[in-house]
Amino acid sequence: MEDGYGREPGYNGGPNNQENIDKRIEDIRRVVTQGANEAQVRVKRIVDKANDYLQQAQTTPSPRQASSVEEQRMRQLANIWSNENWRVARELGNYMDIVSWASNEVWEVTLQTRWETRGLEVVTEPYTGQKMGMPRPVLPVWDYELPAVVGLRAPQTRTPLEGQDDIVSCTICNGTGHMLCSTCTGRGWIVCPDCKGRTKKRCATCRGRGYISDATTEPKKPFFQKQAENVANSVGGKVSEVFDNIRQQGVPIPNPLDSDPAGKGPTIPCPACINGEVDCTCGNGKRVCTACQGARMSLCTSCSGTGKLVRHRDIVRSFDLRTQTRYVGDSPIPTQQLARANGDLIYSAEIDEAPYPEATPEGVPMDVWRITVELVQAERHSTEKPAVDPQTLSRPTLQVIELVRIPYTEIQYRYADQDYTFYAYDSEGREKFHADRYPARWDRIERLVKAISTDLMAPVQPAQREAPAESNGQTYGRYTPPASAGSYRVPIEVPPYTINEEDDDDPTNK
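What counts, and where the lines are drawn
Within each chain, residues carry numbers counting from 1 in the order of the written sequence. Note on the predicted model: pLDDT of at least 70 is required for a residue's local features to be given, and 80 or more for side-chain atom pairs to be given and counted; whole-chain, interface and lining totals, by contrast, use all residues. As a rule here, side-chain values come from all non-hydrogen atoms in the structure, and water together with hydrogens is ignored. Every residue gets a pLDDT, meaning the predictor's confidence in that residue, from 0 to 100. For this analysis, residues touch if any pair of their heavy atoms sits within 4.5 Å. The way it works is that DSSP assigns letters per residue, a run of H or I at least four long becomes a helix, a run of E at least two long becomes a strand, and they are numbered from the N terminus. Each residue is assigned to one of three classes by its accessible area relative to the maximum for its type, calculated with a 1.4 Å probe on protein chains only: buried under 20%, partly exposed between the two thresholds, exposed over 50%. Note on disulfides: each one is a pair of cysteine sulfur atoms within 2.5 Å. Within 6.5 Å between ring centres, the rings of Phe, Tyr and Trp (the latter by its six-membered ring) count as paired, and their orientation is classed by plane angle as stacked under 30 degrees, edge-to-face over 60, tilted in between. To sit over a ring, a charge needs its Lys NZ or Arg CZ within 6 Å of the ring centre and within 35 degrees of the ring normal. Side-chain atoms within 4.5 Å are what join buried Ala, Val, Leu, Ile, Met, Phe, Trp, Tyr and Cys residues into a set we call a nonpolar core. A helix is expected to reach a length of 1.5 Å times the quantity of its residues less one. Relevant arc is that of directions from the helix axis to the C-beta atoms, nothing else. Throughout this description, a polar contact denotes any pair of N or O atoms lying within 3.5 Å of each other; where both atoms belong to protein, one of them has to be capable of donating a hydrogen while the other can accept it, and for residues adjacent in sequence the pair is counted only when both atoms sit in side chains.

(A) Structural context of the confidence of the model for the chain. The share of residues in the chain with pLDDT of 70 or more is 74%, and the mean pLDDT across the chain is 78. Predicted confidence is poor over residues 1-13, with pLDDT under 50, and the contacts of this stretch with residues over four places away or in other chains come to nine contacts. In the predicted structure, residues 460-510 sits below a pLDDT of 50 and forms 60 contacts with residues beyond four places in sequence or in another chain.

Written out as structure tokens, the structure is:
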């Protein structure tokens, strides 16, 4: 039994082993040479096929001639479509074969409804002595005849009701016209903002330290230096006051300009204060309230001190616009694309009452008008809700109907031995196009790539391992290249290889 290298058991090297290795190397060389030749043939076949496809792509089909005015228009529409869409074959209308065409139409029914909501609001203002008439009863909001509102998108409006004004007492001041001062809460005074009620405040000369530097020990300074120091001290004092006010409000922030005089030399007690504090100008820590001037009371802001209010009633009207669209007619064109069409406006009108199904407008088909009437009636009946106060519901106060006719043409044609269909819709001069499938502009190049990919991806046939050949009592294993399905290698048919006597270099055979 041979081992993994085709050697007999007990192999210990020798001439026979070298002969086996040489023969196997020669076997492999010939197989590789034949495989390279077959691959070269396969590549040449692929290149030839690519040249054929390129010649077909460069070959321009012959243009077709229109036999009628209608056919010429169909071809013009196809050319417009191919010029607007880069994915469609170029100049489609010149080279396609028209099979048939048919014209049809779709109707777009649009109903715009302005819904109105009413509410009663009470507004008060100070009484100024005007006379009031006899009060009238308050009716439901929808029982009033209000001015007409123009336009579907109307803003919110207010309409005061006449004869509904009355005089009432002010509830804020209980009819007195006065109320406690909000600034001092009825005390007539406020805490002094300077001393915070302590009757003393910090000395501005020594800044609360109680001592200052001794000026007699300082050397005499020039006049301009003294003026500059006085200006600097003045600015520094104002900045220090800002920091002091911030600290008084509870923010612990240090004052960078507040330097200790003791660090500059000898000091003396401050002559302007006692222990760094001076008396506040308030005297008792209080200030008279500037809002009420100490009277503790102020005029009521609601009634302006009269103690009475005039109450008005306004009807507030708010509007909301709702739009419904429905397409009537069989059309293979998607609704999203029909919505972009302009079409031809056949009928447009404002209605304030339900239309009659029998009164069909001129130029509108009967089935389209009946669907329009049903849409209007369904919108009006949507306000009827049981167990709900009708005064609180919205009502349609204005409706606008628009009936638009959208013509379209279905063209069936043949191109490159395949049947296609496209649709041209919208009014003349504004045509739009739709098609589920169409000849692509790069169709031939795409077919070329697919053909080459198919050739390269051809599965390899599994090779059959041949029986070992016997020669001179020795057994040689035949080399078979590995094959795996789905690889990119070309299947190669290798003829059986036989060692002839004239090709045998073995000295034992001579």
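(B) Examining unusual backbone geometry more closely. The phi dihedral of Thr199 falls on the positive side, at around 70°, and the residue is not glycine. Mapping Thr199 onto the fold places it in the loop between β5 (189-191) and β6 (200-202). Given the relative accessible area of 26%, Thr199 is considered partly exposed. One non-glycine residue with positive phi stands out, namely Ala416, at about 55°. Tracing the backbone through its elements, the reader meets Ala416 in the loop between β14 (395-415) and β15 (418-425). Taking the relative accessible area as the measure of exposure, Ala416 reaches 53% and is therefore exposed.

(C) Summary view of the state of the cysteines. Enumeration according to the criterion identifies zero disulfides in this entry. Of the cysteine sulfurs around Cys170, a residue in no disulfide, the closest is that of Cys173, at 3.7 Å. Left without a disulfide partner, Cys206 is nearest to the cysteine sulfur of Cys273, which lies 3.5 Å away.

(D) The arrangement of the packing of aromatic side chains in detail. What the rule picks out here adds up to seven aromatic pairs. Ring plane angle 65° and centroid distance 5.7 Å describe the contact between Tyr413 and Phe422, whose orientation is recorded as edge-to-face. With respect to burial, Tyr413 and Phe422 carry one shared label: buried. One aromatic cluster in this structure is built from Trp81, Tyr413, Tyr420, Phe422, Phe433 and Tyr438. Across from the ring centre of Trp189, 4.5 Å away, lies the NZ or CZ of Arg187, which sits over that ring. Here Lys286 stacks its cationic end above the ring of Trp189, 4.2 Å away from the centre of that ring.

(E) The nonpolar core, seen in detail. Judged by nonpolar contacts, the single largest core of 18 residues is most densely connected at Trp81, Leu92, Met96, Tyr413, Tyr415, Phe422 and Phe433. Taken together, the elements giving at least two residues each to this core come down to α2 (69-84), α3 (92-95), β14 and β15. The biggest single contributor to this core is α2, with four residues. If we ignore the near neighbours within four places in the chain, the residues touching Met96 are Arg64, Met74, Arg75, Ala78, Tyr413, Arg414, Tyr415 and Phe422. Among the nonpolar cores identified, the runner-up in size contains 13 residues, and Val109, Leu111, Val328 and Leu403 belong to it.

(F) Inspection of helix α6 (residues 366-381) at higher detail. For α6, with 16 residues, the first-to-last C-alpha span of 23 Å sits near the 22 Å given by 1.5 Å per residue. For α6, the full list of buried residues reads Val368, Trp369, Thr372, Val373, Leu375, Val376, Glu379 and Arg380. Along α6, the residues classed as buried sweep out an arc of 160° about the axis, all on the same side. Those residues of α6 hidden inside the fold are in contact with β1 (97-126), β12 (308-328), β13 (344-351) and β14.

(G) Broad picture of the environment of Tyr425. Its location among the elements puts Tyr425 in strand β15. Look at Tyr425 and you get buried, because its relative accessible area is 0%. Separated by 84 residues in sequence, Tyr425 and Ala341 have C-alpha atoms that sit 7.7 Å apart. Once residues lying within four places of it in the same chain are set aside, the contact partners of Tyr425 are Ile333, Gln337, Leu338, Arg340, Ala341, Pro407, Tyr408, Arg430, Glu431, Lys432, Phe433 and His434. In terms of polar contacts, Tyr425 uses its side chain to reach the backbone carbonyl oxygen of Gln337, at 3.4 Å.

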